[in-house]
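# Breakdown of the fold
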Amino acid sequence: MRNPRDFLQPQAIGAPDPLKEIPIKPSRMIHFFDPSNEKMLDKLPDIATKTDILLGNLEDAVPVDRKLPARAGLIKIGKEVDLGDTALWVRVNSLDSPWVLDDLTELVTEIGDKLEVIMVPKVEGAWDIHYVDRLLAQLEAKAGLERPILVHAILETAQGVTNVEEIAAASPRMQGMSFGPADLAASRRMKTTRVGGGHPGYRVVEDPNTDDPEAARPSFQQDLWHYSIGRMVDACAGNGILPFYGPFGDIGDDVGCEAQFRAAFLMGCVGTWSLHPRQIAIAKKVFSPDPDEVKWALKVIEAIPDGRGVHMIDGKMQDDATWKQCKVMVNLAEMLAKNDPELAEAYGLTPANA
Ligand code: GLV
Ligand code: MG
């Protein structure tokens, strides 16, 4: 086991020091694009103004014969396209694939100074993170990088869920985790064929009416993902890293998408993936706290400036714990309002106090 002092030492001579804290910045949506699509070069600067994070996808959904053009396309984008303040991430191919070694080597040595986070798919345990951790340090040293590249794991295998806590704690590079319902369903042998969302067959049914056994029995659809997202949120929060929901594949179902995103937001996720430009707007709406909730939280904090004792506000009991919840809400609102005058106005925050 590594000793605690060693944990914050670089893993290769000449690599940058690991970060003590994960940077907290607007991360409501990770918008996926295919860098093998040459038209992307022109479209990205505009998309960048609408999304918090842009991610060049090299893994699933990129056909085998487009793997190398996708990697080359992302390198070109990193070198030539100005994305302003929008973070550039990549999803590399999985660690058991023939492409990942060159993905990491070429991306870090060519555009390592532009990449904030590398998303690693199908992470099974801490050993996968340790492999990437050391390799990145060697490549960072070779490329002369001054800032460490962070790592984001996709939680999408049964073994990954089993080991979620050790994955979250595996390296100071761990920035966060995304929930991958499609691969997870396959790995668990779930009998579904969807990418996220609910399923009409997964429900609880009311008991029979003993006076009228033939009467219809109401039943309600349940959330297939609640347990695993809950484990991911706890593992991330417990290790100071950030949890995200992943893909919602039914692009035309805005209502289902919004419900899935909102469940993740309420449970503690900071953001989600967006697979289509229309999902960027849904993610923005859901992962920016509701203005009425923010105004309520501001009212509680104003009424109890030191966050101590018990108070009644509009008939609702407030104490240290509700005050802390209000702080979470207001801190997020203030961070988002800094770069968004419309949100600042909706929250009643001026850029000066945001
Ligand atoms: C994402 O990669 C998923 O498998 O859901
Ligand atoms: Mg997947």
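Surrounding ligand 1, one finds Arg91, Glu156, Gly180, Pro181, Ala182, Asp183, Pro247 and Trp273. Measuring from an oxygen atom of ligand 1, one finds a backbone N or O atom of Ala182 at 2.8 Å. With three residues, the top contributor of residues to the shell around ligand 1 is helix α8 (residues 181-188). Along the lines of polarity and charge, the residues of the shell around ligand 1 split into four nonpolar, one polar and three charged.

In spatial order, the strands read β9-β6-β5-β4-β3-β2-β1-β10; together these eight strands make up an open sheet with parallel pairing. Each edge of the open sheet carries a strand with a single partner, namely β9 (242-244) and β10 (272-274). Pairs of neighbouring strands in the sheet enclose a mean axial angle of 25°, with direction left out of account. Pairing between strand β6 (residues 174-179) and β9: three bridges, direction parallel. Pairing of Ser178 across the sheet is with Phe244, part of β9.

Our focus in this paragraph is the layout of surface pockets. Looking at the largest pocket, its volume works out to about 950 Å³. Lining of the largest pocket is provided by 35 residues; of these, Phe265, Cys269, Val328, Met329 and Leu332 occupy positions nearest its centre. For the lining of the largest pocket, the elements supplying multiple residues, two or more each, are α9 (226-238), β9, α10 (254-267), α11 (277-287), α12 (291-303) and α13 (320-338). In terms of residues, the lining of the largest pocket owes the most to one element, α13, which gives nine residues. Among the residues making up the lining of the largest pocket, the classes are represented as 22 nonpolar, seven polar and six charged. In this structure, the lining of the largest pocket is formed jointly by two domains, domain 1 (4-287) and domain 2 (292-347), each of which donates at least three residues.

A few words on the packing of aromatic side chains. Taken as a whole and judged by the stated rule, the model has seven aromatic pairs. Between the aromatic rings of Tyr245 and Phe261, the centroid separation amounts to 6.2 Å while the plane-to-plane angle is 55°, which identifies the pairing as tilted. Separated by 16 residues along the polypeptide, Tyr245 in the loop between β9 and α10 and Phe261 in helix α10 bring together distant segments of the chain. One exposure class covers both Tyr245 and Phe261, and it is buried. An aromatic cluster is defined as three or more aromatic residues linked by ring pairs; in this entry it consists of Phe179, Trp225, Tyr245, Phe261, Phe265 and Phe287.

Counting residues in each nonpolar core, the largest one holds 83 residues, and the members touching the most others are Ile30, Leu44, Trp89, Leu107, Ile118, Met177 and Phe261. If one sorts the elements of this core by residue count, helix α5 (residues 126-143) sits on top with six residues. Filtering out sequence-adjacent residues up to four positions away, Leu44 remains in contact with Phe33, Leu54, Ile77, Val81 and Leu83. Counting residues in hydrophobic clusters, the runner-up holds nine residues, among them Ala333, Leu336, Ala344 and Tyr347.

Attention now goes to the domain arrangement of the protein. Domain boundaries assigned for the protein yield domain 1 (4-287) and domain 2 (292-347). Its C-alpha centre places domain 1 at a distance of 29 Å from the equivalent point of domain 2. The partner domain 2 presents six residues to the seven residues of domain 1 that form the contact. A combined buried area of about 470 Å² lies between domain 1 and domain 2, and 69% of that area is made up of carbon and sulfur atoms. Taken together, the connections running from domain 1 to domain 2 amount to one salt bridge. As a salt-bridge pair, Lys284 and Asp340 come within 3.3 Å of each other at their nearest N and O atoms. Applying the counting rule to domain 1 against domain 2 returns one residue pair in polar contact (both at pLDDT 80 or more). Among the residues forming the side of domain 1 that touches domain 2, the class breakdown is four nonpolar, no polar and three charged.

Quick look at the pairing of strand β2 (residues 53-57) now. The buried count for β2 comes to five of five residues, which makes it a mostly enclosed element. Residues Ile53, Leu55 and Asn57 point to one face of β2 and Leu54 and Gly56 to the other, with burial holding for every one of them. As paired elements, strand β1 (residues 29-33) and β2 share four bridges and run parallel to each other. Opposite Phe32, over in β2, you have Leu55 as the bridge partner. Following the backbone out of β1, through helix α2 (residues 40-48) and into the adjacent parallel β2, one traces a crossover that is right-handed. One ladder, built from five bridges, connects β2 with strand β3 (residues 87-91); its direction is parallel. Of the residues in β3, the one forming a bridge with Gly56 is Val90. What joins β2 to β3 is helix α3 (residues 67-80), and the crossover it makes is right-handed.

Reading the values: rules and limits
- Residues numbered from 1 in each chain as written.
- Chains lettered and ligands numbered in written order.
- Predicted model: local features only at pLDDT ≥ 70, side-chain atom pairs only at ≥ 80, totals over all residues.
- Heavy atoms only, no water.
- Near = heavy atom within 4 Å.
- Polar contact = N/O pair within 3.5 Å; in protein donor to acceptor, adjacent residues only side chain to side chain.
- Helix = DSSP H or I, 4+ residues; strand = E, 2+ residues; numbered from the N terminus.
- Nonpolar A, V, L, I, M, F, W, Y, C, P; charged D, E, K, R; others polar.
- Pairing = 2+ DSSP bridges.
- Axes fitted to C-alpha atoms, helices over the stretch in contact; angles between N-to-C directions.
- 1 Å grid on protein atoms, 1.4 Å probe; cavity = no way out; pocket = protein on both sides within 12 Å on 5 of 7 lines; lining within 4 Å.
- Points joined across faces, edges and corners; volume = space filled by probe spheres on them.
- Domains from an automatic or database assignment.
- Phe/Tyr/Trp six-rings, centres within 6.5 Å; stacked < 30°, edge-to-face > 60°.
- Buried < 20%, exposed > 50% of the residue type's maximum accessible area, 1.4 Å probe, protein only.
- Core = buried A, V, L, I, M, F, W, Y, C linked by side-chain atoms within 4.5 Å.
- Contact = heavy atoms within 4.5 Å.
- Buried area = accessible area lost by both parts, 1.4 Å probe.
- Salt bridge = Lys/Arg side-chain N within 4 Å of Asp/Glu carboxyl O.
- Right-handed = clockwise from strand over helix to strand, strands pointing away.

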